[in-house]
Every structure is written in structure tokens, then in C-alpha cells.
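Chain by chain, the residues run as shown.
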Amino acid sequence: MAGKADKAAAAMKDVGLKAKTATTKLYVLAKDPEMQAKAGKLVADGKKLYRAATSPEAKETYRNVAAVIDNMRKK
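What about the overall build of the protein?
When helices and strands are counted, the protein shows 3 helices and 0 strands. Secondary structure elements of the protein occur, N-terminal to C-terminal, as α-α-α. Relative to the globule expectation of 11 Å for 75 residues, the C-alpha radius of gyration of the protein, 26 Å, shows a markedly less compact shape. If one aligns the C-alpha atoms of the protein with their principal axes, the spans along those axes are about 70 × 40 × 15 Å. The burial tally for the protein puts 1% of its 75 residues in the buried class. Carbon and sulfur atoms make up 67% of the accessible area of the protein, which amounts to about 7,100 Å² in all. Averaged over its 17 positive side-chain charges, the protein has a centre that lies 3 Å from the centre of its 8 negative ones.

Cut-offs and rules
- Residues numbered from 1 in each chain as written.
- Predicted model: local features only at pLDDT ≥ 70, side-chain atom pairs only at ≥ 80, totals over all residues.
- Heavy atoms only, no water.
- Helix = DSSP H or I, 4+ residues; strand = E, 2+ residues; numbered from the N terminus.
- Rg over C-alpha atoms; globule rule 2.2 N^0.38 Å.
- Buried < 20%, exposed > 50% of the residue type's maximum accessible area, 1.4 Å probe, protein only.
- Areas by Shrake-Rupley, 256 points an atom, 1.4 Å probe, with all protein chains shown as cover.
- Lys, Arg positive; Asp, Glu negative; His and termini not counted.
- Charge placed at Lys NZ, Arg CZ, Asp CG, Glu CD.

Structure follows, in C-alpha cells:
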């Protein structure tokens, strides 16, 4: 049993080291001004797309397309 416990402890230590390394890399990327600018642009684009998709015009267009598809299926 002692051998299995040692293996499990070593595996957990290895996983912890890998997680720490990944976290450090992520932190460095998050602090990079260029990456922050890219993330800001993506957020702005996402907000524009959300507003466009949830606008009354988009909802009306969706209803019209759904009606056309319904009519085509009935024929």
C-alpha cells in the first residue's frame, strides 16, 4: 500500500506543478497590454452582435423567416 500512496502523492505533486505553471503563463498573458486590447475589442464586438441579435428588427425578421419555413413545410 505504501507504494501506491507514494505514487499518488507524486502524481498530485506533478499535477500541482503543472497547474502552477499554467496559471503563471495565463497571468503573464493577462497582464500583456496587447492581449488586454484584443480582449477589449472582442468584448465590444460581442456587445454589438448581442444588440443586433436582440433588436426588435431582428426578432421580427426571425418571426417572418419562421413563418416562411412553416408554410414551406406544410406544402
